[in-house]
Amino acid sequence: MLIDSYGRTVDYLRVSVTERCNFRCQYCMPEKPFSWVPKENLLSFEELFEFMKVAIDEGVKKIRITGGEPLLRENLDTFIKMIHDYKNDIDLAMTTNAFLLGGAAQKLYDAGLRRINVSIDSLIPEVAEKIAKKDVLKNVLEGIEEALRVGLKVKVNMVPMKGLNEGEILDVLEYCKSRGMVIRFIEYMENIHAEVDIRGMNSDELLEIIGSRYSYVDEGFDGHSPSHYYKLIDGYEFGIIEPHKDDFCTKCNRIRLTAEGNLIPCLYFDEAMNIRDAVRRGDIREAALVLKEVIRTKPEKNRWSDPDGELSKRAFYETGG
């Protein structure tokens, strides 16, 4: 069992298989040209899996595959099957932008994947294109429908932004509600890679808009999830993730592994330790020691709640933020 210095049991590992993405979302990716990490710097699926077996044996019960966009990495279903075959009761999920999901959903389900998270920031093609810097909406919606058809459980994330998609909050909620998908609104997380003029929306503003049409009750937090949940009178639940508060940090149970082998204790912090060299020389014991040190030094909370805190340098496309 992995327990950090604040008594939190860490049993959730998010694994980024690539930093590459086929979108350039305004709140995440730099639009200007930049260099991708050379492929030789990335851990192979076999190398990632060697470390993940250590984490599972130490008590990790939930694994989420992230990116960048994970479906850009070839043979992802083979990697998922490796994990599922090692421990078939592992809670195995993936975060994707769904652009390539239509052609992959069945293979992913057959490999053992059961849940996905997808971002829908707009249901208007032109607005979705403005946010992602690419004509994406048709593929995304078709990918979601195929995922639902093959039996994947789908959650939707939306980042509401003033002047861009604030008028669609109820539309996206109703789109998800009609398909039995939970919607989680995520407050914009300031970072140095995003567009400089983004203006996010806080939970009070979101609840005021939703309350203009629906009555709801506060359900609080559900387990270790960072999402604060609310329930409409008909029973439908939606969530809001509020990084500018640190309520959920007290129950944080997750760490992150990048495709380069950086093991990250907190999404906000730049601090990390690398397991690549140890794994590549077959020193699994050393990799296990790195894991335990990262757990030991996991911070108590993020810094977004600090009004005088520094702007995060974390590249979310590297860590599946």
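Residues numbered from 1 in each chain as written. Predicted model: local features only at pLDDT ≥ 70, side-chain atom pairs only at ≥ 80, totals over all residues. Heavy atoms only, no water.

**Student:** I'd like a description of the layout of surface pockets, backed by residues and values.
**Tutor:** Taken as a whole, the second largest pocket spans an internal volume of roughly 250 Å³. What lines the second largest pocket is simply Val-17, Thr-18, Arg-20, Val-37, Lys-39, Leu-42, Leu-72, Arg-73 and Glu-74. Along the lines of polarity and charge, the residues of the lining of the second largest pocket split into 4 nonpolar, 1 polar and 4 charged. (1 Å grid on protein atoms, 1.4 Å probe; cavity = no way out; pocket = protein on both sides within 12 Å on 5 of 7 lines; lining within 4 Å. Points joined across faces, edges and corners; volume = space filled by probe spheres on them. Nonpolar A, V, L, I, M, F, W, Y, C, P; charged D, E, K, R; others polar.)

**Student:** Before we move on, could you go through the packing of helix α1 (residues 45-57) against helix α2 (residues 76-86) and cite the residues and values that matter?
**Tutor:** Where α1 meets α2, the closest approach of the two axes is 11 Å, and the angle between their N-to-C directions is 25°. The angle between α1 and α2 falls in the class roughly parallel. Taken as a pair, α1 and α2 cross one another with a handedness that is right-handed. Note on element contacts: α2 touches α1 through Leu-76, Phe-79, Met-82, Ile-83 and Tyr-86, opposite Phe-45, Glu-46, Leu-48, Phe-49, Met-52, Lys-53, Ile-56 and Asp-57. Each residue belonging to the contact of α1 with α2 can be placed in one class, and the counts come to 10 nonpolar, no polar and 3 charged. (Axes fitted to C-alpha atoms, helices over the stretch in contact; angles between N-to-C directions. Helix = DSSP H or I, 4+ residues; strand = E, 2+ residues; numbered from the N terminus. Parallel < 35°, antiparallel > 145°, perpendicular 65-115°, else oblique. Left-handed = near helix turned anticlockwise from the far one by under 90°. Contact = heavy atoms within 4.5 Å.)

**Student:** Any chance you could break down the pattern of salt bridges for me, citing the residues and the numbers?
**Tutor:** Per the stated rule, a full pass over the model turns up 16 salt bridges. In this structure, the salt-bridge partner of Lys-81 is Asp-85, at a minimum N-O distance of 2.6 Å. Linking Lys-81 with Asp-85, this pair stays in helix α2, spanning 4 residues, or about one helical turn. For Lys-81, a relative accessible area of 41% puts it in the partly exposed group. Asp-91 is the partner of Arg-115 in a salt bridge, and the nearest nitrogen-oxygen pair spans 2.9 Å. Taken together, the positions of Arg-115 in strand β4 (residues 115-119) and Asp-91 in strand β3 (residues 91-96) put the pair 24 residues apart, joining distant regions of the chain. Judged by relative accessible area, Arg-115 falls into the buried class, the value being 17%. Of the residues examined, Asp-91 reaches a relative accessible area of 30% and is grouped as partly exposed. (Salt bridge = Lys/Arg side-chain N within 4 Å of Asp/Glu carboxyl O. Buried < 20%, exposed > 50% of the residue type's maximum accessible area, 1.4 Å probe, protein only.)

**Student:** Give me unusual backbone geometry: which residues, what numbers.
**Tutor:** With an omega of 15°, the peptide bond between Gly-67 and Gly-68 qualifies as cis. In this fold, Gly-68 is placed in the loop between β2 (62-66) and α2. Here Lys-133, not a glycine, exhibits a phi torsion of approximately 60°, which is positive. Residue position: Lys-133 is located in the loop between α4 (125-132) and α5 (137-150).

**Student:** For the environment of Asp-135, give the residues involved together with the corresponding values.
**Tutor:** Take Asp-135: it is sitting in the loop between α4 and α5. Taking the C-alpha atoms as reference points, Asp-135 and Phe-23, separated by 112 residues in sequence, lie 9.3 Å from one another. Apart from the residues within four sequence positions on either side, Asp-135 is in contact with Phe-99 and Glu-129.

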